[in-house]
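What the coordinates show
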Amino acid sequence: MQNGAEVTLSQKLLEQRLTRPFKYFDRVESTNDVAKAWLATGAPEGALVLANEQTRGRGRKGRDWHSPPNVALALSLILKPDSAFLPRLNMIAALSVYDLVRECGCEDVGIKWPNDVQVNGLKVSGVLPEAVWEGDQLRGAILGIGVNVRMDFSGSELRHSAISLEAVVKRRLERSELIASLLRRIDYWYAHIASATVYSTWKARLNTLNQAVAVEGVKGVALDVTADGALLIRDEKGHIHQSGTGDLIVYAIDSLDK
Ligand code: BT5
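Before going into details, it helps to say that this report is about the structure given with it. Just so it is clear, the structure is predicted and the values come from calculations on it, not from any experiment.

Basis of the calculations
Residues numbered from 1 in each chain as written. Predicted model: local features only at pLDDT ≥ 70, side-chain atom pairs only at ≥ 80, totals over all residues. Heavy atoms only, no water. Axes fitted to C-alpha atoms, helices over the stretch in contact; angles between N-to-C directions. Helix = DSSP H or I, 4+ residues; strand = E, 2+ residues; numbered from the N terminus. Parallel < 35°, antiparallel > 145°, perpendicular 65-115°, else oblique. Left-handed = near helix turned anticlockwise from the far one by under 90°. Contact = heavy atoms within 4.5 Å. Core = buried A, V, L, I, M, F, W, Y, C linked by side-chain atoms within 4.5 Å. Buried < 20%, exposed > 50% of the residue type's maximum accessible area, 1.4 Å probe, protein only. Near = heavy atom within 4 Å. Polar contact = N/O pair within 3.5 Å; in protein donor to acceptor, adjacent residues only side chain to side chain. Nonpolar A, V, L, I, M, F, W, Y, C, P; charged D, E, K, R; others polar. Pairing = 2+ DSSP bridges. Salt bridge = Lys/Arg side-chain N within 4 Å of Asp/Glu carboxyl O.

In the contact formed by helix α3 (residues 87-103) and helix α6 (residues 196-205), the axes pass within 10 Å of each other and the chain directions differ by 60 degrees. Looking at the two axes, α3 sits oblique to α6. Handedness of the α3/α6 crossing: left-handed. Contact residues: R88, M91, I92, A94, L95, Y98 and D99 in α3; A196, V198, Y199, T201, W202 and R205 in α6.

With that settled, consider the nonpolar core. One broad rule of soluble globular proteins: the nonpolar side chains tend to lie buried together. Judged by nonpolar contacts, the single largest core of 61 residues is most densely connected at L50, V101, I145, L165, I179, W202 and L231. At 10 residues, the largest contribution of residues to this core is made by α3. Beyond its immediate chain neighbours, meaning those up to four positions away, I179 contacts L9, L14, L18, L50, L73 and L75. If you look at the next biggest cluster of nonpolar residues, it comprises 11 residues, including A35, A43, I78 and I142.

Close contacts around the ligand come from 26 residues, with S30, Q54, R58, R63 and K123 the closest. Between the ligand and the protein, one listed contact pairs an oxygen atom with a side-chain N or O atom of K123 at 2.8 Å. Of all the secondary structure elements, the ones that give two or more residues to the shell around the ligand are α2 (31-40), β3 (72-79), β6 (122-134) and β7 (137-148). Residues that form the shell around the ligand fall into these classes: 9 nonpolar, 12 polar and 5 charged.

Residues of α6 that are buried include every one of V198, Y199, T201, W202 and R205, and no others. Structurally, α6 contributes buried residues whose contacts are with α3, β4 (109-112), α5 (175-191) and β9 (218-225).

Okay, the sheet that holds strand β11 (residues 240-243) next. Strand order in the open sheet made by the 5 strands is β11-β10-β9-β8-β12, with antiparallel pairing throughout. Each edge of the sheet is formed by a strand with only one pairing partner; in this case those strands are β11 and β12 (248-251). Mean inter-strand twist for the sheet, computed between neighbouring axes without regard to direction, equals 45 degrees. Summarising the sheet, strand β8 (residues 212-215) and β12 pair through 4 bridges and their orientation is antiparallel. Bridge pairing in β12 places V213 opposite V250.

Moving on: the environment of W38. Along the chain, W38 turns up in helix α2. Since its relative accessible area comes to 12%, W38 is described here as buried. On a C-alpha basis, the gap between W38 and D99 in space is 28 Å, while along the polypeptide they are 61 residues apart. Excluding residues that lie within four positions of it along the chain, W38 makes contacts with P21, F22, K23, A43, A47, L48, V49 and I78.

Glancing now at the pattern of salt bridges. Pairing between side chains of opposite charge can happen when the charged atoms of each approach one another. All told, the structure shown has 16 salt bridges when counted by the stated rule. Here R17 ties to E177 by a salt bridge, and the two come within 3.7 Å at their closest N and O atoms. Residue R17 is located in helix α1 (residues 11-17), and its partner E177 is located in helix α5; the two are separated by 160 residues in the primary sequence. A salt bridge links D99 to R205; its shortest N-O distance comes to 3.0 Å. Here D99 is found in helix α3, whereas its partner R205 is found in helix α6, with 106 residues between them in sequence. Taken together, the salt bridges that share partners define one network made up of D33, K36, R58 and E130.

Attention shifts here to the sheet that holds β7. With mixed pairing, 7 strands are arranged side by side in an open sheet as β1-β2-β3-β7-β6-β5-β4. Each edge of the open sheet is held by one strand with a lone partner, namely β1 (22-25) and β4. For this sheet the average axis-to-axis angle between neighbouring strands, irrespective of direction, equals 15 degrees. Packed on one face of the sheet, α2 meets β1, β2 (48-51), β3, β6 and β7 and runs near 155 degrees to β7.

Let us now look at the packing of α3 against α5. When two helices pack together, their arrangement is given by the angle between the helix axes and by the axis-to-axis distance. As a packed pair, α3 and α5 sit with axes 9 Å apart at the nearest point and diverge in direction by 135 degrees. As judged from the angle between their axes, α3 and α5 are oblique. As α3 packs across α5, the resulting crossing turns out to be right-handed. Of α5, the residues touching α3 (which contributes L89, I92, L95, S96, V97, D99, L100 and E103) are L178, S181, L182, R185, I186, W189 and Y190.

Written out as structure tokens, the structure is:
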């Protein structure tokens, strides 16, 4: 691809790259919502929803996720894992984005617990896994992934916490290629969902362990993560706390006593 070339995401381009059922939208509220509706009407495993723009992209806990037109990846993959492996979907998504980002040429890459992929310490991607139950039966899971490709955060409230891939690699990236590559990674990791490698690789790629952290009022040192992805924190009294899905704040290590 030539430097500086305008690259669009289109149905046609995606058809050339994708071998799975997919729905593409120039603009949609949230790809996760479309994927949920598709799952309810019988989407097969591996089906994909993609958008060039989301107008009501969702983060965790009802927060907003920004994905304006032409500058990001916004996709939701429909999966049907064994319910025992649901906690590993987070790991699979983070591992796949990590691989993608490394493949693009980024060097300082880490996973901030539980599933933010960071480049140079800033968030380049977010993951929203959602399980859909019918009584006690798991109907399926939606793995929503957003990646900042060329979003301009200067002047945005997120400028100190977010980053785009192109700002790091200093070249133009084609989103349809990134999507195809990301899906190959997800297929790889999903095929290994039952393997302990998923957990051990995710743990090894976390940049959170041994950091001074706070999660939902609990302040201490991030000691370890469990096989289900929960974070273990040791507070200043030596008590161990376990957090499943909280929001993590990382502190300078010397701030622990304050
Ligand atoms: C996430 O939530 O990081 C999950 C984001 C998942 C987005 C994908 S896009 C495709 C699919 N469809 C959806 O509707 N969602 C999924 P959380 O950890 O709660 O982070 C949300 C917070 O990140 C916000 O409150 C902002 O502070 C920040 N944020 C919002 N947009 C961002 C962006 N583009 N890049 C970096 N940070 C962002």
